[in-house]
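Given next are the chains, with one letter for each unit.
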Amino acid sequence: MKHNILLLGMGFWGRRWLELILKTDRCQLAGAAGSPAEMEEICSTYGIDPAKTFTDFKEAIARTDAEIAVVVLPGVLHFEADKLALEKGMNLITEKPLAMDMEEAKGLLQLKAMYPDRKFMTSQNYRWRPYNQAMKKAIDEGMIGKVESILLEFRQQEDLQGYRAGLQRPLLQDVSIHHFDLIRFFTGADCKEVYCRTWRPSWSLYSGEPSAEAILEMDNGVRVVYNGSWAARGKETSWDGNFTITGDKGCLTLDADGKVMFYEHKKAESVVLDTGSQQGTELPLPEMNYTEMEYGFHMFMDCIEQNREPETTLEDNVRSFAMVMASIQSAESKAAVDCTSIL
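Parameters and conventions
Residues numbered from 1 in each chain as written. Predicted model: local features only at pLDDT ≥ 70, side-chain atom pairs only at ≥ 80, totals over all residues. Heavy atoms only, no water. Salt bridge = Lys/Arg side-chain N within 4 Å of Asp/Glu carboxyl O. Helix = DSSP H or I, 4+ residues; strand = E, 2+ residues; numbered from the N terminus. Buried < 20%, exposed > 50% of the residue type's maximum accessible area, 1.4 Å probe, protein only. Phe/Tyr/Trp six-rings, centres within 6.5 Å; stacked < 30°, edge-to-face > 60°. Lys NZ or Arg CZ within 6 Å of the ring centre and 35° of its normal.

S.K.: For this particular structure, what's the right way to read the pattern of salt bridges?
M.R.: In a structure, side chains of opposite charge can pair up when their charged atoms sit close to one another. Under the counting rule described, the total for this entry stands at 28 salt bridges. The closest approach of N and O atoms between K136 and D140, which form a salt bridge, is 3.5 Å. Residue K136 and its partner D140 are located together in helix 6 (residues 130-140), separated by four residues, close to a single helical turn. A residue is classified by how much of its surface remains accessible, and K136, at 16% relative accessible area, is buried. Assessed through its relative accessible area of 54%, D140 is described here as exposed. Between D190 and R319 there is a salt bridge, with the nearest N and O atoms lying 3.5 Å from each other. Of this pair, D190 sits in the loop between helix 7 (170-187) and strand 8 (191-199) while R319 is found in helix 9 (residues 314-333), placing the two residues 129 residues apart along the sequence. We classify D190 as buried; its relative accessible area is 18%. What emerges from the salt-bridge pattern is a single network uniting R127, D181, R184, D190, E311, D316 and R319.

S.K.: Would you explain the packing of aromatic side chains in this entry?
M.R.: Per the counting criterion, the structure on display carries nine aromatic pairs. Consider the rings of Y206 and W230, whose centres lie 5.7 Å apart with planes at 45°: the pair is tilted. Taken together, the residues span a long stretch of sequence, with Y206 in the loop between strand 8 and strand 9 (211-218) and W230 in the loop between strand 10 (223-229) and strand 11 (242-247) at a distance of 24 residues. A residue is classified by how much of its surface remains accessible, and Y206, at 0% relative accessible area, is buried. The exposure class of W230 is buried, given its relative accessible area of 1%. A centroid spacing of 6.1 Å and a plane angle of 90° characterise the contact between W230 and W239, whose relative ring orientation is edge-to-face. Site record: aromatic cluster; members linked through ring pairs are F154, Y206, W230 and W239. A cation over a ring is seen here: K136 above F185, with NZ or CZ 5.4 Å from the ring centre.

Shown next, in the form of structure tokens:
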């Protein structure tokens, strides 16, 4: 039996979800919602039955019998869409942002608690990339020993599409959730405290502040230095960022090309001046049948079939979201923020 899917939202990521749903033989599209122009276009391009399309997401939820709702609407509509879908009996996959603020996020937790049998997963695609899986495996197997510090640098030039141009802190509000979620993924810990400051480079195309520096302390003692800019000039990182994760036995690095390197700690007998002679070991990447959002989609259907919880549940992802909200609060107050106090 195939899973019936209701897709809410037909922007850039909504279109990618549509293509994934249509190519996956484990499911079928039960309905889709978007603007009139978007609905007309997908019917023409993909041969979708117009009877399955809606221009009002609330009507789509009310009139569609679906097992899974995929919410890719603008963030301001997520809470209402999630609420209506849960009340209709649907399981949920929601794209970022999880919510507009912590009050909404807590409201989602309270709402979900009323429907304990429903599955609710936030799509966090960066976890499900081969190089990030390789990093996690090496950490879990003790390759670098006890992790104590992380250095994370992110550099990308501006992306002014859609709502981004008007954001006050574009990096924190739109991209950092991925980086903070990876930090939690790699460390297996939640954030205890964050101190963050943001600013606008003089050349930035954003009117807001797209650059940020943050110092984060995780609840297992790992310290993180985060340096990011969404108005970078010159050399760029990948969207994951460049990681250096250090333990007592050495460090792991991830670069812009998705290469994972292990550098074993060796006691220097003398002062080392020729740092270019350092030789690391490149780690093999795992073979994955699915990656990114496709991995998450299949995992979610597996969880429904096997009655188990997905990896990035609402309850888990709200802890990554709290790191974003605490960073914004810190930047506004110019003081350290206890991340646990806002959960």
